[in-house]
Every structure is written in C-alpha cells, then in structure tokens.
Amino acid sequence: MESKRRSVRSLVSKLSSVSEPARIDALCQLRLMSKQDPETRPVIAELGAIPYLAETLYSSSHPSQENAAATLLNLSITEKEPLMSTRGVLDAIAHVISHHNSTSSAAAVQSSAAVIHSILSSVDQYRPVVGAKREIVYALIDILRCHASSPPRTIKDALKALFAVALHPLNRGTMVHLGVVPALFSLVVKDGRIGIVEDATAVIAQVAGCEDSADAFVKVSGVGVLADLLDLATGSSMRTKENAVSALLNLVRCGGEKVAGDVRDVVAFGALDGIADVRDGGSGKGKSKATELLKLLLGDSNENGNGNVSLVLSSDNGSSFGSLRNHDSD
C-alpha cells in the first residue's frame, strides 16, 4: 500500500506542473488507477487531488477536462464526502455542464452529469445542497432542451442526475420553475428511443409530486401525453407505463379533485386499459400504484362484468392531445 501512496503522491504533484503534457499524463494515470484499483481512491482524495481535478474542469484542453471529470466520477463511487466537502467542486461541475453546447468536452459533460447522479443516488443529505445550485439544475435541463445535438449517453446521464435531484421533494419546485416539465415532455414526444423515454418518464413521475407541477403539465398537455403512453395501442414498455401511472397518481395526490377530474376525463380515451395492464402485470410497486390510481379516478366500482375497467365520461371534456405515434423521432 505504501508503494501506491508514493505513486499517487508523485502523480498529484504533477497536476500542478507547468508542462501540459505532464499534467495530462498524470491525469490519465489517476483516471486509470481510480478505475481499476478501488483501494487508491481514498488515497487520491487524501493526498489532495480533488482541488486540482476540480480546477482542471475549467481547462480549455479537452483531454485534461475529460480525464479530470472521469477521475472525479471514479472517486464519487466511494469518496462522496471528500468530494462534497471540497470547496469549488460543484461550481466546477456546473461550469462544465453549463457549457455543454459550446466549449466543454462532450465526454467531460457526460462524466460530470454522472458525478451528480453518483453522489446523490445514495446520500439523502446532499440532495438539497445540489438542488440549491440552480446553475447545475438549469444546465442539466438545458441538455434535454438541446436533445437534438446532445449525445444519447449524455442525455441519459442528465436524466439520471435530474431524477436524483428530484428525490428531494423541495427540489421539485425549483426544477419546475427552471423549465424541466416542457423539456421532459418534448424529449418524450420528439425522441422516441425506448431507454430515453423510460428515463424521462421516471423524472416526470418524480416532478409530478409537487404542487407547482399541475399548471406546468397543463401548458404542455402533459396528462394527454401520459395517457397516450398508457394506451395499449402505443406499444410503450411496461416501465414507461409504470412511470406514467406514477406521474398521474402523484399529480392527483398533489392537485386535489380538480386535477383528478382533468385526469379522469383524459384517461378515459384508451388509457384505462393501460392502467389496468400495469395493475395486472407490472412490478409490485407498479401494481400498487395502478390500483390506487384506479380507485382515486373511478371509486371502488372500477370493473365491469368482463373484468375491464370502465368510466362514464362527463359531458364537458376539454382535453385535447395528439398521439405520440403522430410525432417524428429525431
């Protein structure tokens, strides 16, 4: 272990070298070391590499940026506390993500978004801290807005990061105000790739659990899009349908009877069978949520004689939405 410490100490000292090739070589070695040998991660953090890695994220050199961001990602697996306690790390990550469409390396943006997800996925106390960094949240949302020019892997990492941010309820209002709802629904409607739609609807389901979401969903006909995803003719994956059920349930829970009435009107056109499909064939959580949603929308008598769900429509149905199948994929 002592030989590893000597190697790490030597590499960290080279991070401050005036020679760019020497710095890049040290970064490459630290990246490889932190990936292949988990025992070196606490040593790398302890010997002071993190401030240098954070500073390197501001570099105009893409190889430097990429290797620094990837090393931070490797460290985030086990060294979350040293990362979060090092001044300037979140600001440096925000800088990289904010310039995703201009000066930042695409690989560095992807790794930086993945760092946010890695840090927040298992440590509740860090979620409000990152959620308060509006620049990070806005930049992650902007990646979704620019989905036509963003690499698919970067989009997925941004979605995972936003999902982790949304796990803290008080962050959801901030996300709504920063425009996450139209960005997410635009991605669902225009992208069409199964994995991305699944991840996007997972974030939608989390964000729906917020009082501010109801109006934002109305502006993008969000309930209609979710209902379309639940229409069996659309061919959505079970995970997407479970996410849609969870989103509708959260909307109804937070929005009260008015929102429940709006949802009730919209889901009557093909979505009820999809909710029943989740109730009958989904995961344990999916079945439970679908059952609760049906009870909230239909009451206890929610099945007809054939075992299918049924609903009497109100005479005033103001819902209007287009099928996802009518939109072109990018």
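The paragraphs below set out a description of the structure included in this document. (Residues numbered from 1 in each chain as written. Predicted model: local features only at pLDDT ≥ 70, side-chain atom pairs only at ≥ 80, totals over all residues. Heavy atoms only, no water.)

Moving on, we come to the pattern of salt bridges. Across all of its chains, the model carries 16 salt bridges by this definition. The partner of E198 in a salt bridge is R239, with the nearest N and O atoms 3.3 Å apart. Note that E198 is positioned in helix α14 (residues 194-207) and R239 in helix α17 (residues 238-267), a separation of 41 residues in sequence. Of the residues examined, E198 reaches a relative accessible area of 14% and is grouped as buried. Note on R239: relative accessible area 37%, which makes it partly exposed. What emerges from the salt-bridge pattern is a single network uniting K156, E198, D199 and R239. (Salt bridge = Lys/Arg side-chain N within 4 Å of Asp/Glu carboxyl O. Helix = DSSP H or I, 4+ residues; strand = E, 2+ residues; numbered from the N terminus. Buried < 20%, exposed > 50% of the residue type's maximum accessible area, 1.4 Å probe, protein only.)

Another aspect to go through is helix α13 (residues 180-190). For α13, the buried fraction is high: 8 of the 11 residues fall into the buried class. Those residues of α13 lying buried are V180, V181, A183, L184, F185, L187, V188 and V189. Its buried side turned inward, α13 meets α10 (134-145), α11 (152-166), α12 (169-177), α14, α15 (213-219) and α16 (222-230). (Contact = heavy atoms within 4.5 Å.)

By size, the foremost hydrophobic cluster in this structure holds 104 residues, and its most contacted members are I116, L144, L159, L162, M175, L226 and I275. Ranked by residues supplied to this core, first place goes to α17 with 12 residues. Once residues within four sequence positions are removed from consideration, L144 is found in contact with I155, A158, L159, L162, A183, L184 and L187. (Core = buried A, V, L, I, M, F, W, Y, C linked by side-chain atoms within 4.5 Å.)

Right, let's talk about the packing of aromatic side chains for a bit. By the definition in use, this model includes 1 aromatic pair. Between F185 and F217, the aromatic rings sit 5.2 Å apart at their centres with planes inclined by 80 degrees, giving edge-to-face as the arrangement. On the criterion of sequence distance, the pair formed by F185 in helix α13 and F217 in helix α15 is long-range, its members being 32 residues apart. The exposure classification of F185 matches that of F217, with both residues buried. (Phe/Tyr/Trp six-rings, centres within 6.5 Å; stacked < 30°, edge-to-face > 60°.)

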